[in-house]
2 protein chains.
Amino acid sequence: MKRIADPSVRRLSAYLRFLEDCQARQVPTVSSDELARLAGTTSAQVRKDLSFFGSFGKRGLGYEVPDLIARLRGILGLGRPWHFVIVGAGKIGSALAQYAAFRERGFHVVAVYDTDAAKIGAALDGHRVRDVAQLLEDAPLDHPDIAVITVPAASAQATADLVVRAGIRGILNFAPAPLRVPHGVTVQTVNMATELEVLSSALAHHD
Amino acid sequence: MKRIADPSVRRLSAYLRFLEDCQARQVPTVSSDELARLAGTTSAQVRKDLSFFGSFGKRGLGYEVPDLIARLRGILGLGRPWHFVIVGAGKIGSALAQYAAFRERGFHVVAVYDTDAAKIGAALDGHRVRDVAQLLEDAPLDHPDIAVITVPAASAQATADLVVRAGIRGILNFAPAPLRVPHGVTVQTVNMATELEVLSSALAHHD
DNA sequence: TGTTGTGAAGAGGTTCACAGCG
DNA sequence: CGCTGTGAACCTCTTCACAACA
């Protein structure tokens, strides 16, 4: 399987979101042009993104909504449920634990961890917060696929090392620190402060 | 002023983070190679990023930490405080309102808004949640520069229209919807579900 | 006719390699 | 000698333009 470009995956994710809207509205087919307008890109881009996986559109008509949804779900790896743990039961961790959009997409929280004795044992959206020291023994039972890391920057690398040792191969990192992981482990980092700085940089230079 | 590439801004933000660590440890100078190792990139990339704004390194030595910090802060628009409002006092909005890392970087919450009568009036980290209908009249007093939008997808565009009418020219969008804004307004979108799908896509295709 | 699929051209960002300088 | 600054090569992603086809 050829490597999919990261910007392309992000767009495919957006297409899928709109296709699901179309399906809810009983729209049978959709053209690259409509999809482009909805996702804020160009029709050529949409066709290039899709043609990477084969040609499943009908010329003069567009793409069949249910068919395209099924293919995109396959491409994005949504053909199966994914289980994830949240490490760090702070404000952001708690918010993510309760984020309904995850469940709707087939991502399920299996456990929430923290190091803080004051938080351990507390209930969080149906999950009792566990001691992070338990992660290694819990993993074989819960078999989590992904770890969402929402701990302070100082402990982010140690947390990453731990979840890798637990056999987890996907990390969504909200700590403001780059993580070193072995080959075969995928990391996505989201840095809130950086996002604001991208804005301030743009605003400062705009005038 | 030439336009700065988005990936470059993100790296500059990371460099700044590490330079602040260096300053705290009294390190006087730092080489492109060290900075690259810390930020997870290459020394050539670091030098290219920096040379875009002029040449302020010392050959054979590296960059002076305090000097480079000052320049990066200027480039990233951190030479002044920024005021932002949060629209949407749900879980994510609340978490962001209390995120200390923002304040440390010079980003200050001036108000939190919601449409839900049950939330309006409640205290949130020192802010009384206000009715979003007040935003237009509040803006001239609070002069917010940025709006963080954490409302459901369905109301995201209407919210964006409102904050633009209020004179706000920077938007950090956490709603899973692309926003249409007039020329001169900058939008950064963070989509949690997309981030997880980038991971699931990578994990699904990896083996 | 309307819309896809795609080679070719273009733009933008990254890496290389080395001259230049402290 | 070591490390910066940078033109040139390289690569990746985007846009264009049009032949192919339902």
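See the structure shown above.
Below, the structure is looked at part by part. Quick caveat, the model's predicted, so the values are computed rather than measured.

Side note on the relation of the copies chain B and chain A
Then comes step 1: Least-squares fitting of chain B to chain A yields an RMSD of 0.1 Å, with the superposition described by an axial translation of 0.1 Å and a rotation of 180°. The superposition operator between the copies reduces to a two-fold rotation axis.
Then comes step 2: A share of 100% of interface residues in chain B that are also interface residues in chain A marks the association as one of identical surfaces.

Some words on the packing of helix α9 (residues 192-206) of chain A against helix α1 (residues 6-24) of chain B
Then comes step 1: The geometry of α9 of chain A relative to α1 of chain B is characterised by a closest axis approach of 9 Å and an angle of 120° between their N-to-C directions. Classified by the angle their axes make, α9 of chain A and α1 of chain B are oblique. Viewed along their axes, α9 of chain A and α1 of chain B form a crossing whose handedness is right-handed. Contact with α9 of chain A, carried on its side by A193, T194, E195, E197, V198 and S201 of chain A, involves D6, V9, R10, S13 and R17 of chain B of α1 of chain B and no other residues of that element.
Then comes step 2: Grouping the constituent residues of the contact of α9 of chain A with α1 of chain B by class yields three nonpolar, three polar and five charged.

A closer look at the protein's contact with DNA strand D
Then comes step 1: By nearness alone, 24 residues border DNA strand D, and R11 and R59 of chain A together with S32, R47 and Y63 of chain B come closest of all.
Then comes step 2: The sugar-phosphate portion of DNA strand D accounts for 59% of its atoms within 4 Å of the protein, the bases making up the rest.
Then comes step 3: Between DNA strand D and R11 of chain A there is a distance of 2.8 Å, counted from a phosphate oxygen to a side-chain nitrogen or oxygen.
Then comes step 4: Measuring from a base nitrogen of DNA strand D, one finds a side-chain N or O atom of R47 of chain A at 3.4 Å.
Then comes step 5: Going through the elements one at a time, α1 (6-24) and α3 (43-51) of chain A together with α3 (43-51) of chain B are the ones with two or more residues in the surface near DNA strand D.
Then comes step 6: In terms of residues, the surface near DNA strand D owes the most to one element, α3 of chain A, which gives four residues.
Then comes step 7: In the surface near DNA strand D, the residues fall into six nonpolar, nine polar and nine charged.

As for the sheet that holds strand β10 (residues 186-189) of chain A
Sheets are built from strands paired through backbone hydrogen bonds, the pairs being either parallel or antiparallel.
Residue and element names in this part refer to chain A.
Then comes step 1: Pairing within the open sheet is parallel, and its six strands lie in the order β7-β4-β3-β8-β9-β10. Both edges of this open sheet fall to β7 (130-131) and β10, since each of them pairs with a single strand only.
Then comes step 2: Across four bridges, the pairing between strand β9 (residues 170-173) and β10 is parallel. Each residue of the ladder has a partner; that of N173, found in β10, is T189.
Then comes step 3: Each of β3 (82-87), β8 (146-149) and β9 touches helix α8 (residues 153-165); the most contacted strand, β8, lies at about 165° to it.

Quick look at the interface of chain B and chain A
Then comes step 1: At the junction of the two partners, chain B supplies 53 residues and chain A supplies 53 residues.
Then comes step 2: Put simply, chain B and chain A have six salt bridges between them.
Then comes step 3: The salt bridge involving E197 of chain B is made with R105 of chain A; its shortest N-O contact spans 2.5 Å.
Then comes step 4: At the level of secondary structure, the elements contributing two or more residues to the side of chain B that touches chain A comprise α1, α5 (91-97), β9 (170-173), β10 (186-189) and α9 (192-206) of chain B.
Then comes step 5: Of the residues assigned to the side of chain B that touches chain A, the class counts are 30 nonpolar, 13 polar and ten charged.

Quick notes on helix α7 (residues 135-142) of chain B
Residues and elements named next belong to chain B.
Then comes step 1: All of the buried residues along α7 are L135, D138, A139 and D142. Looking straight down α7, one finds that the buried residues subtend no more than 110° of arc, so they occupy a single side. Residues E137, P140 and L141 are exposed on α7 and point more than 90 degrees away from its buried face.
Then comes step 2: Close packing links the buried residues of α7 with β3 (82-87), β4 (107-114), β7 (130-131) and α8 (153-165).

Here's the deal with the side chain of Q188 of chain A
Then comes step 1: Here Q188 of chain A shows up in strand β10.
Then comes step 2: The contact partners of Q188 of chain A, leaving out residues within four places of it in the chain, are D6, R10, I171, L172 and N173 of chain A together with E195, V198 and L199 of chain B.

Brief notes about the sheet that holds β9 of chain B
Then comes step 1: If you trace the six strands from one edge of the open sheet to the other, you get β7-β4-β3-β8-β9-β10 (chain B), paired in parallel fashion. If you trace the sheet from one side to the other, it starts and ends with β7 and β10 of chain B, each paired once.
Then comes step 2: Contacts between α9 of chain A and the sheet are confined to β3, β4, β8 (146-149), β9 and β10 of chain B, with β9 of chain B contributing the most and set at about 160° to the helix.

Calculation notes
Residues numbered from 1 in each chain as written. Chains lettered and ligands numbered in written order. Predicted model: local features only at pLDDT ≥ 70, side-chain atom pairs only at ≥ 80, totals over all residues. Heavy atoms only, no water. Least-squares fit on C-alpha atoms with pLDDT ≥ 70 in both. Contact = heavy atoms within 4.5 Å. Axes fitted to C-alpha atoms, helices over the stretch in contact; angles between N-to-C directions. Helix = DSSP H or I, 4+ residues; strand = E, 2+ residues; numbered from the N terminus. Parallel < 35°, antiparallel > 145°, perpendicular 65-115°, else oblique. Left-handed = near helix turned anticlockwise from the far one by under 90°. Nonpolar A, V, L, I, M, F, W, Y, C, P; charged D, E, K, R; others polar. Near = heavy atom within 4 Å. Polar contact = N/O pair within 3.5 Å; in protein donor to acceptor, adjacent residues only side chain to side chain. Pairing = 2+ DSSP bridges. Salt bridge = Lys/Arg side-chain N within 4 Å of Asp/Glu carboxyl O. Buried < 20%, exposed > 50% of the residue type's maximum accessible area, 1.4 Å probe, protein only. Arc of directions from axis to C-beta.

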